Amino acid sequence: MEVLDVYQFINRMEASGVDFSEYHVHHTYAPDHDDFNGTNGLILNQNMRRYHMEERNFQDIAQHGTALPDGNIVTGRSFGTDPASISGQNDNNPLMIETLGNFDMGHDQLEGKQRATLIILGQWFEQRGKYIRFHNENAAKSCPGTGVDKDQFMADVRGEKVKGTKTGGGKVLLRNGDSGSHVKKMQRRLQQAGFKLPKHGADGDFGDETEETVRSFQEKYDLKVDGVVGPETNGKLKEEAGRDKTSVDQIYKVQIGAFEDKGNSEELAKELEAKGFDTYIVKEGK
Ligand SMILES: [Zn+2]
């Protein structure tokens, strides 16, 4: 058993080579937040293992990881070993996470770093099209707690806001190997912040060039240099990309290309945008 941060935990998951099928979310109920003193995560987890093995006759602790109130995760059963998670849902290597706390209404709150850890793990599964399952979907139990709303949880995972409710903040986690519109948007922001992507531009693929550039960006702004776009790097990127560059007296525009065919103009615009330029197409004539 070890105490890891969520990114180290994800690295272990990836290094294991296990093809995780789903992400199962539980709460421990007991121990709860009152039992955690900031340093006893490992001890509490060892106690859970003992209880699971001696009282419940499990081969090991039930879960692969226990998410602590400080956002760290204690490792448990090895990845690729079926957990004792949800009856009928334990095959095909689901990842089972116990969240330390009692999140039934009126008890502990699932918030801050602990919530962020669950959401970041959720994003890892969501980005891979894997289902996120709460225990209470398949059992007459409240687990992971009546105070944890699945719709809100999924909105946080997807970076959406649910109207009228508090979000845990749209956390983003992008890394080498990812692709899609989120990556493209992030690459555009890098370019707008003055970091060029000379070889591939904003192509929507998070490859080595993008990773190197993310590292340069993180170095410049005193962020943790890991080449991964998490909440902090993303926040700084938004800030730097959004700086008002037009608060000057004169601006000089460059006009380029005039086409009879609209498709050709759009193609050129796309190429220029990939290089980090803001472009717009002006139609003249009738
Ligand atoms: Zn449960």
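Remember, predicted model here, so these are calculated numbers, not experimental data.

## As for the layout of surface pockets
- When its volume is computed, the largest pocket comes out at roughly 1400 Å³.
- For the largest pocket, the lining is made up of 31 residues, of which V254, Q255, D278, T279 and Y280 are closest to its centre.
- Take the lining of the largest pocket: its biggest share by element is 5 residues, from helix α8 (residues 262-274).
- Taken together, the residues that form the lining of the largest pocket break down as 13 nonpolar, 8 polar and 10 charged.
- Lining the lining of the largest pocket are residues from two domains, each supplying at least three of them: domain 2 (172-248) and domain 3 (253-286).

## Focus on the domain arrangement of the protein chain
- Each assigned domain of the protein chain is listed here: domain 1 (3-158), domain 2 (172-248) and domain 3 (253-286).
- Of note, the centres of domain 2 and domain 3, computed from C-alpha atoms alone, are 24 Å apart.
- Across the contact, 5 residues belong to domain 2 and 6 residues belong to domain 3.
- Summed over both sides, the interface between domain 2 and domain 3 buries roughly 410 Å², with carbon and sulfur atoms accounting for 33% of that surface.
- Where domain 2 touches domain 3, the interface holds 0 salt bridges.
- The tally of links from domain 2 across to domain 3 stands at 0 residue pairs in polar contact (both at pLDDT 80 or more).
- Taken together, the residues of the side of domain 2 that touches domain 3 break down into 1 nonpolar, 3 polar and 1 charged.

## Points about the packing of helix α5 (residues 181-192) against helix α7 (residues 231-241)
- Interhelical geometry of α5 versus α7 gives an angle of 50 degrees and a closest axis separation of 8 Å. Between α5 and α7, the angle is such that the two are oblique. For α5 against α7, the interelement crossing comes out left-handed. Where α5 abuts α7, its residues M186, R189, L190 and Q192 lie against N234, L237, K238, E240 and A241.
- Among the residues forming the contact of α5 with α7, the class breakdown is 4 nonpolar, 2 polar and 3 charged.

## Quick look at the pairing of strand β2 (residues 22-27)
- For β2, the tally of buried residues reaches 6 of 6 residues, placing the bulk of the element in the interior.
- The alternating pattern of β2 places E22, H24 and H26 on one face and Y23, V25 and H27 on the opposite face, and all of these are buried.
- Pairing of β2 with strand β6 (residues 131-134), which is carried by 4 bridges, proceeds in the parallel orientation. Each residue of the ladder has a partner; that of H24, found in β6, is R133.
- Pairing geometry for β2 and strand β5 (residues 95-99), over 5 bridges, is parallel.

## So, the coordination of the zinc ion
- Every protein donor of the zinc ion is listed here as H26 (ND1), H135 (ND1) and C143 (SG), and their distances to the metal cover 2.0 to 2.3 Å.
- Within one chain, the residues donating to the zinc ion are spaced in sequence as H-x108-H-x7-C. Linking H26 in strand β2 with H135 in the loop between β6 and α4 (150-158), this pair joins segments that are 109 residues apart in sequence. Across the pair, exposure class does not vary: H26 and H135 are buried alike.

## Quick notes on helix α6 (residues 208-220)
- Along its 13 residues, α6 runs 18 Å from first to last C-alpha, staying within 8% of the 18 Å computed at 1.5 Å per residue.
- Of the residues flanking the end of α6, it is D222, one or two places downstream, whose phi is positive at about 55 degrees.

## Some points on the nonpolar core
- In terms of nonpolar packing, the biggest core is built from 29 residues, with M13, Y23, L95, L121 and F153 touching the most fellow members.
- Looking at this core, the elements that each hand over two or more residues are α1 (6-16), β2, β5, α3 (112-127), β6 and α4.
- It is α3 that provides the largest number of residues to this core, a total of 6 residues.
- Those residues in contact with L95 that lie beyond four places of it in its chain are F9, M13, F20, E22, Y23, H24, H64, F79, L121 and F125.
- Within the second largest apolar cluster, 12 residues are counted, among which are L174, V183, V214 and L223.

Procedures and definitions
Residues numbered from 1 in each chain as written. Predicted model: local features only at pLDDT ≥ 70, side-chain atom pairs only at ≥ 80, totals over all residues. Heavy atoms only, no water. 1 Å grid on protein atoms, 1.4 Å probe; cavity = no way out; pocket = protein on both sides within 12 Å on 5 of 7 lines; lining within 4 Å. Points joined across faces, edges and corners; volume = space filled by probe spheres on them. Helix = DSSP H or I, 4+ residues; strand = E, 2+ residues; numbered from the N terminus. Nonpolar A, V, L, I, M, F, W, Y, C, P; charged D, E, K, R; others polar. Domains from an automatic or database assignment. Contact = heavy atoms within 4.5 Å. Buried area = accessible area lost by both parts, 1.4 Å probe. Salt bridge = Lys/Arg side-chain N within 4 Å of Asp/Glu carboxyl O. Polar contact = N/O pair within 3.5 Å; in protein donor to acceptor, adjacent residues only side chain to side chain. Axes fitted to C-alpha atoms, helices over the stretch in contact; angles between N-to-C directions. Parallel < 35°, antiparallel > 145°, perpendicular 65-115°, else oblique. Left-handed = near helix turned anticlockwise from the far one by under 90°. Buried < 20%, exposed > 50% of the residue type's maximum accessible area, 1.4 Å probe, protein only. Pairing = 2+ DSSP bridges. Donors = N, O, S within 2.8 Å, 3.2 Å for Na, K, Ca; no water. Expected span 1.5 Å × (residues − 1). Core = buried A, V, L, I, M, F, W, Y, C linked by side-chain atoms within 4.5 Å.

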